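# Residue-level structure breakdown
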Amino acid sequence: MADVFDQIFGQPRVREFLRASVATEHVTHAYLFTGPAGSNKTQAAYALAAALLCKDGGCNACDTCQKVARRKHPDVRYYAPEGAGGYLVDQVREIVADASLAPIQADRKIYILDRVDLLGTSAANAFLKTLEEPPADVVLVLMGRTRESVLPTIVSRCSVVPFRHIPASEAAAILCQRTGADPDLAKIAIEACGGSITRGIEFLKSNERLAFRKRVLEVLANIGHADMWDTLTQASELVVLAKAPLDTVRAAHEAQLAENADFLERSAIRQIEARNKRELSAKSLESFRQITAITASFLRDVLAVCSGAGELVINHDVRADIEEVAARTDEARVAKALDAVRKCDDAISYNVSPETCLDALLFEIGEALYGSHSPR
Ligand SMILES: [Zn+2]
């Protein structure tokens, strides 16, 4: 039976390092995982958390391991920046106060802090003491894009674990091996999920996500034939579809609270509610970023056809649409459209309302691809 570390795809050195640290009880109180998006840092953080809470060092079978894997263990906390520009000082104070409380179910607590490259000086100062000397039952796992992008005062207090970039072809191969999916479909899933193998696995399992991708591609193929009203309608339709998975998450949250409400204290319930809210906004962000990822993938395919490299097309199931768009535009225009997608993706990451972004994005893509004349 594979242990939890087996889930850290594409990072053999990280996997062995963490496995050995736990096995030999050389766990430090603070880690900094560095690596690009899609390098499996989050998966690794949860694997480490499971290994530290599980009585068998991360068996991947017991109730504790399962709860951590489903992101439902009350003693594993995940945080991401809540401010538009990064972590807020108040948010960090809340984390610090929370860290001093006793664990709820396990004998220690794991704090996972995403994007600590967005931890500014004031917020970092509020955190330094905890980072230097966390309560004995707390392990901190910080994650950032690169070592250089994280404040030196943070880096120097952590054990740094570098993650490598996993090339898309390798990620797709791992996805095939894990799911038994068709290689072409695996490539599509990796592109739609911004390179993440973990999200790719979920994507392939969900008919609803696959249908969502189809709809996004249809809208893109039709941009050249759509008038302003069509575009507005389609943008709002995509917003509704992007938000659909949130209903499932919300229902699961409500069921979980109802189940626990009788024996949990008020403060614990408040913590769960706060965590649910964060999970919901993270899910929403993920869903909207899937639109930009699918859009970028489609446009890269159009670019490949425009530049005579049609064999590189990833979204082969809509090749006819890709070729039709390519025939009506050129490389420079597609590059401009891709630029608009990148900007939209940045804006969504910085908490700009996705609804507004999406309208604007569809208009900008139409404009970039087909110029200022009204579409044919
Ligand atoms: Zn276990």
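First, a word on scope: everything that follows refers to the structure included in this document. Small disclaimer: the values here were computed from a predicted structure and weren't measured.

### Let's talk about the overall build of the protein chain
Each helix and strand in the protein chain was counted, giving 15 helices and five strands. What you see for the protein chain is a C-alpha radius of gyration of 22 Å, in line with the 21 Å of a compact globule of 376 residues. Once the C-alpha set of the protein chain is aligned to its principal axes, its extents read approximately 65 × 45 × 40 Å. The buried share of the protein chain, reckoned over its 376 residues, is 49%. Residue pairs in contact within the protein chain that sit at least 24 positions apart in sequence constitute 73% of those at least 6 positions apart. Carbon and sulfur atoms provide 54% of the accessible area of the protein chain, an area that totals close to 17800 Å². Distance from the positive charge centre (44 side chains) to the negative charge centre (51 side chains) of the protein chain: 3 Å.

### Some details on the side chain of Q11
Counting through the fold element by element, Q11 comes out in the segment before α1 (12-23). A relative accessible area of 3% means that Q11 is categorised as buried. Residues in contact with Q11, not counting those within four places in the same chain, are S39, F163, R164 and I166.

### Overview of the coordination of the zinc ion
Metal coordination angles have textbook ideals: 109.5 degrees for a tetrahedral set of four donors and 90 or 180 degrees for an octahedral set of six. The protein atoms donating to the zinc ion are C54 (SG), C59 (SG), C62 (SG) and C65 (SG), with metal-donor distances spanning 2.3 Å. In this structure, the zinc ion is coordinated by four donor atoms arranged in tetrahedral fashion, with angles at the metal of 103 to 116°. Donor residues for the zinc ion sit on one chain with the sequence pattern C-x4-C-x2-C-x2-C.

### Focus: the layout of surface pockets
Quantified by volume, the second largest pocket comes out at close to 320 Å³. Surrounding the second largest pocket, 15 residues form its lining, K67, K72, Q256, E259 and N260 being those nearest its centre. Where the lining of the second largest pocket is concerned, the elements lending two or more residues are α11 (228-260) and α12 (266-306). A class-by-class count of the residues in the lining of the second largest pocket yields seven nonpolar, three polar and five charged.

### A look at the nonpolar core
Looking at soluble globular proteins, one finds that nonpolar side chains tend to be buried together. Ranked by internal contacts, the top residues of the largest apolar core, which has 55 residues, are L175, I197, I291, F298, L299, I365 and L369. Top element by residues in this core is helix α15 (residues 354-370). It accounts for eight residues. Ignoring any residue separated from it by four or fewer positions in sequence, one finds L175 in contact with G180, A186, A189, I190, I197, G200, I201 and L204. V4, A45, L48 and V76 belong to the second-largest nonpolar core, a separate cluster that totals 30 residues.

### Description of the packing of aromatic side chains
Under the criterion given, the structure shown has three aromatic pairs. Residues F33 and F163 carry aromatic rings whose centres are separated by 5.0 Å and whose planes lie at 40° to one another, so their mutual orientation is tilted. With a gap of 130 residues between them, F33 in strand β1 (residues 30-34) and F163 in the loop between β5 (159-162) and α7 (168-179) connect regions that are remote in the sequence. Over the ring of F212 we find R209, and its NZ or CZ is 4.3 Å from the ring centre. If you follow R328 out to its NZ or CZ, it ends over the ring of Y370, 4.5 Å from the centre.

### Concerning empty space enclosed by the protein
It is a probe the size of a water molecule, rolled over the atoms, that shows where empty space is left. In the structure shown here, the tally under the stated rule is two cavities of 30 Å³ or more. Volume-wise, the largest cavity comes out at about 50 Å³. Forming the boundary of the largest cavity are P74, R77, I104, L264, A268, Q271, I272 and R275. Counted by class, the lining of the largest cavity contains five nonpolar, one polar and two charged residues. Estimates place the volume of the second largest cavity at around 30 Å³.

### Structural notes on helix α13 (residues 319-327)
Taken together, the buried positions of α13 are I322, V325 and A326. Angularly, the buried residues of α13 cover 100° about the axis, an arc narrow enough to put them on a single face. For α13, exposure combined with an orientation more than 90 degrees from the buried face picks out A320 and A327. Where α13 is buried, its residues contact α10 (207-222), α12 and α15.

### Regarding the packing of helix α14 (residues 331-349) against α15
It is the contact of α14 with α15, at a shortest axis distance of 8 Å, that shows an interaxial angle of 170°. One finds that α14 runs roughly antiparallel with respect to α15. Packed against α14, whose contacting residues are R333, V334, K336, A337, A340, V341, C344, A347 and I348, the element α15 presents C357, L361, E364, I365, A368, L369 and Y370 at the interface. Broken down by class, the residue content of the contact of α14 with α15 amounts to 13 nonpolar, no polar and three charged.

### A short note on the environment of V76
Along the chain, V76 turns up in strand β2 (residues 76-79). For V76, a relative accessible area of 5% gives the class buried. C-alpha of V76 to C-alpha of A106: the two residues are 30 residues apart in sequence and 9.5 Å apart in space.

Basis of the calculations
Residues numbered from 1 in each chain as written. Predicted model: local features only at pLDDT ≥ 70, side-chain atom pairs only at ≥ 80, totals over all residues. Heavy atoms only, no water. Helix = DSSP H or I, 4+ residues; strand = E, 2+ residues; numbered from the N terminus. Rg over C-alpha atoms; globule rule 2.2 N^0.38 Å. Buried < 20%, exposed > 50% of the residue type's maximum accessible area, 1.4 Å probe, protein only. Contact = heavy atoms within 4.5 Å. Areas by Shrake-Rupley, 256 points an atom, 1.4 Å probe, with all protein chains shown as cover. Lys, Arg positive; Asp, Glu negative; His and termini not counted. Charge placed at Lys NZ, Arg CZ, Asp CG, Glu CD. Donors = N, O, S within 2.8 Å, 3.2 Å for Na, K, Ca; no water. Tetrahedral: all angles 85-135°; square planar, octahedral: opposite > 155°, others 65-115°. 1 Å grid on protein atoms, 1.4 Å probe; cavity = no way out; pocket = protein on both sides within 12 Å on 5 of 7 lines; lining within 4 Å. Points joined across faces, edges and corners; volume = space filled by probe spheres on them. Nonpolar A, V, L, I, M, F, W, Y, C, P; charged D, E, K, R; others polar. Core = buried A, V, L, I, M, F, W, Y, C linked by side-chain atoms within 4.5 Å. Phe/Tyr/Trp six-rings, centres within 6.5 Å; stacked < 30°, edge-to-face > 60°. Lys NZ or Arg CZ within 6 Å of the ring centre and 35° of its normal. Arc of directions from axis to C-beta. Axes fitted to C-alpha atoms, helices over the stretch in contact; angles between N-to-C directions. Parallel < 35°, antiparallel > 145°, perpendicular 65-115°, else oblique.

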